[in-house]
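So you can see what is in the structure, the chains are spelled out below.
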Amino acid sequence: MTGMMIALLAHLACGAAPTEAELAEAQNWVAAKFGGIAETTAVKGNSLEVVANNDAVQPNARGGKPMKIADRQYTRGLYCHAVSKVIVRLLKPARQLEAVAGVDSNDQTGGGRGSVVFSVNAGGKTLWQSELLHEGMPGVPVALALGGTSEFVLEVSDGGDGIGCDQADWADARVTLEDGSVLWLGDLPQVNHQRAPYASAPFFAFTYDGKPSSEFLGAWPLERTSAKLDGHRTQHTLTYTDPKTGLEARIVGVAYDDFPTAEWTIHFKNTGTKDTPILSDILAIDTAFEKSAAQDFVLNRHKGDNCTADSYEPLTETLAPGSDKRIANTG
């Protein structure tokens, strides 16, 4: 028997409430892996399309730290670098856009460097445009009526003198829909960095009689069951059975409705009349996750049992964009 827990989130700070996008991401993964409902497309609903930007658009941060305009910090919004063009697509009509626009103040832009012009466009028309802004200038409040549109464009130009230090913040950027609900733009998925849809293939692995489970598990009979444990937890059970030997591989998982987390345990049982072949190389998780190029992975795990005083010590690792790491089972 071996167990594994994974939290499907990228930048969830300790004590912060999960976003709708994080909850939806976890629910889609659980539906595919435990429910067998493979996604046909990875991005559904409200989204951002980055048509142009110097490097990646970073949501709710700049380089993992708060955005900063003059002397004020912001933990929500979009950090962009001119020349930038971001299309906002919504499922419902929007009433108003609110934000604070300004040049980000940091060690690269300090001293008044950077020169940008912000604009909001929809239907081929400019709805709002800022004056030429430099670092150190106060942020410009944006309170723009959107008139029921479901698509508009955020643009940042280079001010006509090149893109050097043109680091721009759409701080506290949010849309109020006509039904009164509020969407924070930094929480919306970026479709230009769209991950592959979640498939229903097994997310664990083991070796059986010298063969990897990926070669035979698809041919074993599979039973899926689900049951509500309480108002926020659902238990999912996958039961694979070897028709030749009677080996049963049972995965019991719990998904949470109020937090983007799933946890599971793998049980093996011989239901046949003879000894089974050797089981080895059991991995409670053997899968791949994709993310926006603008974000890091945060991997929380424990060391496992080393028969030392620091056994099961918790560890946190940040995997920067472009890095690659295999997650091995630790017991």
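Going along each chain's sequence as written, the residues are numbered from 1 onward. Whole-chain, interface and lining totals are the exception, using all residues; otherwise, since this is a predicted model, local features are given only for residues with pLDDT of at least 70 and side-chain atom pairs are given and counted only at 80 or more. To get the side-chain values, all heavy atoms of the structure are used, and hydrogens and water are removed first.

1. Regarding the overall build of the protein
Inference 1: Each helix is a run of H or I in the DSSP string that is no shorter than four residues. Each strand is a run of E no shorter than two, and both are numbered from the N terminus. A count of helices and strands for the protein gives 1 helix and 24 strands.
Inference 2: Relative accessible area decides the class of each residue, using a 1.4 Å probe on protein chains only: under 20% of the type maximum gives buried, over 50% gives exposed, and in between gives partly exposed. When the 331 residues of the protein are sorted by exposure, 40% land in the buried category.
Inference 3: Expressed as a percentage of contacts within the protein between residues at least 6 apart in sequence, the contacts between residues at least 24 apart total 66%. Only heavy atoms matter for contacts: two residues are in contact if any of them lie within 4.5 Å across the pair.

2. Here we look at the side chain of S311
Inference 1: Take S311: it is sitting in the loop between β23 (297-302) and β24 (314-319).
Inference 2: Look at S311 and you get buried, because its relative accessible area is 18%.
Inference 3: Here a polar contact is taken to be a pair of N or O atoms separated by no more than 3.5 Å, where protein atoms must pair a possible hydrogen donor with a possible acceptor and residues adjacent in sequence count only if both atoms sit in side chains. A distance of 3.0 Å separates the side chain of S311 from the backbone oxygen of T308, its partner in a polar contact.
Inference 4: Beyond its immediate sequence surroundings of up to four residues, S311 is in contact with G304, D305 and N306.

3. Observations regarding the pairing of strand β13 (residues 151-157)
Consecutive side chains of a regular strand alternate in pointing toward one face of the sheet and then the other.
Inference 1: DSSP calls a pair of strands paired once it identifies at least 2 bridges connecting them. Where strand β7 (residues 84-89) and β13 come together, 6 bridges link them in antiparallel fashion. Paired with K85 across the strands is E155, a residue of β13.
Inference 2: With 5 bridges connecting them, strand β9 (residues 115-122) and β13 associate as antiparallel partners. By the bridge assignment for β13, F118 is matched with V156.

4. Quick word on the packing of aromatic side chains
Inference 1: Stacked, tilted and edge-to-face are the three classes assigned to paired rings of Phe, Tyr and Trp, where Trp is represented by its six-membered ring and a pair needs centres within 6.5 Å; plane angles under 30 degrees give stacked, over 60 edge-to-face, the rest tilted. Counted by the stated rule, this structure contains 16 aromatic pairs.
Inference 2: With a centroid separation of 5.1 Å and 55° between ring planes, the pair formed by F34 and F203 is classed as tilted. One end of the pair, F34, is in the loop between α1 (20-33) and β2 (47-52); the other, F203, is in the loop between β15 (182-184) and β16 (205-208), with 169 residues separating them in the sequence. Considered together, F34 and F203 belong to a single accessibility category, that of buried residues.

5. Here we look at the pattern of salt bridges
Any two side chains of opposite charge can pair, on the condition that their charged atoms come close.
Inference 1: Here, a salt bridge means any side-chain nitrogen of Lys or Arg that lies within 4 Å of a carboxyl oxygen of Asp or Glu. Evaluated as defined, the whole model comprises 9 salt bridges.
Inference 2: Across the pair R89 and E49 runs a salt bridge whose closest N-O atoms are separated by 2.5 Å. Placement of R89 in strand β7 and of E49 in strand β2 is noted, with a sequence separation of 40 residues between them.
Inference 3: Its relative accessible area of 30% is what places R89 among the partly exposed residues.
Inference 4: Looking at E49, the relative accessible area reads 26%, which means it is partly exposed.
Inference 5: Taken together, the shared-partner salt bridges in this structure form one network comprising E49, R89 and E151.

6. Examining the nonpolar core
Inference 1: With 35 residues, the main nonpolar core has L97, F152, L154 and W170 as its most contacted residues.
Inference 2: The set of elements that each furnish at least two residues to this core consists of β2, β6 (77-81), β7, β8 (94-103), β9, β12 (140-145), β13 and β14 (167-177).
Inference 3: L97 has contacts with V120, V142, A143, L144, L146, F152, L154, R174, V175 and L185, leaving out every residue within four places of it along the chain.
Inference 4: One finds V30, Y240, L247 and I266 within the second-largest nonpolar core, a separate group that totals 23 residues. To qualify as a nonpolar core, a set must consist of buried Ala, Val, Leu, Ile, Met, Phe, Trp, Tyr and Cys residues joined through side-chain atoms within 4.5 Å.

7. Considering unusual backbone geometry
Inference 1: Cis rather than trans, the peptide bond between A82 and V83 has omega equal to 0°.
Inference 2: Here V83 shows up in the loop between β6 and β7.
Inference 3: In this structure, D172 takes a positive phi of about 55° despite not being glycine.
Inference 4: Even without a glycine there, the phi angle at D281 is positive, about 50°.

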